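Letter by letter, the chains look like this.
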There are 2 protein chains.
Amino acid sequence: MRVLGVDPGLTRCGIGVVEGVAGRPLTMKGVGVVRTPADISVAERLVMIEQGIEQWLDRYSPEAVAVERVFSQHNVRTVMGTAQASAVAMLCAARRGLPVELHTPSEVKAAVTGAGRAEKAQVGTMVMRLLRLDEPPRPADAADALALAICHIWRTPFQQRLNRLQQAHARHAAASSPGPGAGAQAAAADDTARAPKGTSR
Amino acid sequence: MRVLGVDPGLTRCGIGVVEGVAGRPLTMKGVGVVRTPADISVAERLVMIEQGIEQWLDRYSPEAVAVERVFSQHNVRTVMGTAQASAVAMLCAARRGLPVELHTPSEVKAAVTGAGRAEKAQVGTMVMRLLRLDEPPRPADAADALALAICHIWRTPFQQRLNRLQQAHARHAAASSPGPGAGAQAAAADDTARAPKGTSR
């Protein structure tokens, strides 16, 4: 699968495109940053981010988009800009019918480095190794966007299994039919049918 | 001038259109709410909000859009949704080249009630009186959107004077020319030229 990762920000939106499946070597298809100047209005910056993301989606036709989940524990001013930029990324993807998945920074770090509290540099180094690059991608936002895409590819089979189990459990609990096998099978079939769009939250 | 006010929210986006100029009775042109269901993904909700706002912009062709400025002091989960919805509102307006102005809740309350800490109900009552309606607009989000538009219309001449003064002052301070009158005049002329787009931040 081909995934476009977005590390959202008003000043710099990291973008990274990764192709592959879990358990196999992954390939970087593209990496970059959408930048907007600080001296224009927020509204105009959001329009520039929309145009930038649209170009990446047009050029790379990803099957899914992974966006960093924004928390508001951080710096107040930064977090509002991040939330606004992430809204534009989600909007661009969902408007095309692409599944959008949000991953927390800890999930991403844990996926690529094994540690949820890894340093920025460590993420860059692991991204470089996993994608067999000559050096860590720069700036850090670009490396983070690639890490998001990698995290998404690796988590997808796990997430699908989890969804399937949860649905099977829910059907089983709700079903009045005596045979649990039939209920679980129906849930599994249903999940397969929904899989292309079912990963959005 | 005709202003479309947006009280942003993921579940309910209040929309209100008001026409008039400061110092004259104002007219309500339209009021409503763009709603999205809580059981679809945030990305899909943002697409619905975009479609809803686009319809309002198409139908009422406002000259400016006023959006409530989001603060992150409030409830963490709510504020992220509000920031995301406000990003979509700003994006829709700026994409059309419309000036976007953000007003804080206190500015809006102070404008329509005279008190920055007014109650919700008081805002509704004042909006009803100012627009000569039979009853306060419901829900509160719709009343707030109208209050935003009223605030925008009333603040615009003041804001333009302020911008003009600030620019004149800046030119005057920077200018090496001996005549301050020429500098101030140039600044005023420049401000007038920028006025249609200059209100965005």
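Because the structure is a prediction, the values reported are computed rather than measured.

Caption draft 1: Here's a closer look at the side chain of R2 of chain A. All names here are of chain A. Looking at where R2 falls in the secondary structure, it is placed in strand 1 (residues 2–7). Of the polar contacts made by the side chain of R2, one reaches the side chain of E19; its length is 2.8 Å. Sequence-distant contacts of R2, defined by excluding residues within four places in its chain, comprise V17, V18, E19, K29, Y60, S61, P62, E63 and A64.

Caption draft 2: A look at the relation of the copies chain B and chain A. Rotating chain B by 180° about the axis while translating it 0.0 Å along that axis superimposes it on chain A, leaving an RMSD of 0.1 Å. On this basis, the relationship between the two copies can be described by a two-fold rotation axis. Nearest to the rotation axis, the C-alpha of Q84 of chain B is located 2.6 Å from it, this being the minimum over chain B. Most of the interface of chain B is mirrored in chain A, where 96% of its interface residues are also at the interface.

Caption draft 3: Local environment of the sheet that holds strand 2 (residues 12–19) of chain B. Residues and elements named next belong to chain B. As summarised here, the arrangement of the five strands in space is 3-2-1-4-5, forming an open sheet in which the pairing is mixed. Edge positions in the open sheet fall to strand 3 (27–35) and strand 5 (100–103), since each of these has one partner strand only. On average, each strand axis in the sheet is inclined to that of its neighbour by 20°, with strand direction left out of account. Pairing analysis gives eight bridges linking strand 2 to strand 3, with the strands arranged antiparallel. Its bridge partner being in strand 3, C13 is matched across the sheet by V34. The strands that helix 1 (residues 42–60) touches are strand 1 (2–7), strand 2, strand 3 and strand 4 (64–68); relative to strand 3, the one it contacts most, it runs at about 165°.

Caption draft 4: Region of interest: the UniProt feature "binding site: Mg(2+) 1" (unreviewed entry) in chain A. Residue and element names in this part refer to chain A. UniProt's entry tags D7 and D141 with the feature "binding site: Mg(2+) 1" (unreviewed entry), counted in the numbering of this structure. On the basis of their most widely separated C-alpha atoms, the annotated residues across 135 residues gather in one place, lying no more than 6.0 Å apart. Mapped onto the elements of the fold, D7 is located in strand 1. A relative accessible area of 7% means that D7 is categorised as buried. Filtering out sequence-adjacent residues up to four positions away, D7 remains in contact with R12, C13, G14, E68, D141, D144, A145 and L148. Mapping D141 onto the fold places it in helix 5 (residues 140–174). Apart from the residues within four sequence positions on either side, D141 is in contact with D7, R12 and G14.

Caption draft 5: Up close: the environment of P25 of chain A. Inspection of the secondary structure assignment puts P25 of chain A in the loop between strand 2 (12–19) and strand 3 (27–35). When the C-alpha positions of P25 of chain A and L130 of chain A are compared, they lie 7.3 Å apart, and in sequence the two are 105 residues distant.

Caption draft 6: Representation of the pairing of strand 4 of chain B. Residue and element names in this part refer to chain B. Of all five residues in strand 4, five are buried, a share of seventy percent or more. Residues of strand 4 alternate between two faces, with A64, A66 and E68 on one and V65 and V67 on the opposite face, all of them buried. Relative to strand 4, strand 1 is paired through four bridges, and the arrangement is parallel. Residue pairing across strands places V6 opposite V67, the latter belonging to strand 4.

Rules behind the numbers
Residues numbered from 1 in each chain as written. Chains lettered and ligands numbered in written order. Predicted model: local features only at pLDDT ≥ 70, side-chain atom pairs only at ≥ 80, totals over all residues. Heavy atoms only, no water. Helix = DSSP H or I, 4+ residues; strand = E, 2+ residues; numbered from the N terminus. Polar contact = N/O pair within 3.5 Å; in protein donor to acceptor, adjacent residues only side chain to side chain. Contact = heavy atoms within 4.5 Å. Least-squares fit on C-alpha atoms with pLDDT ≥ 70 in both. Pairing = 2+ DSSP bridges. Axes fitted to C-alpha atoms, helices over the stretch in contact; angles between N-to-C directions. UniProt positions renumbered as here; feature names shortened; annotations may be inferred. Buried < 20%, exposed > 50% of the residue type's maximum accessible area, 1.4 Å probe, protein only.

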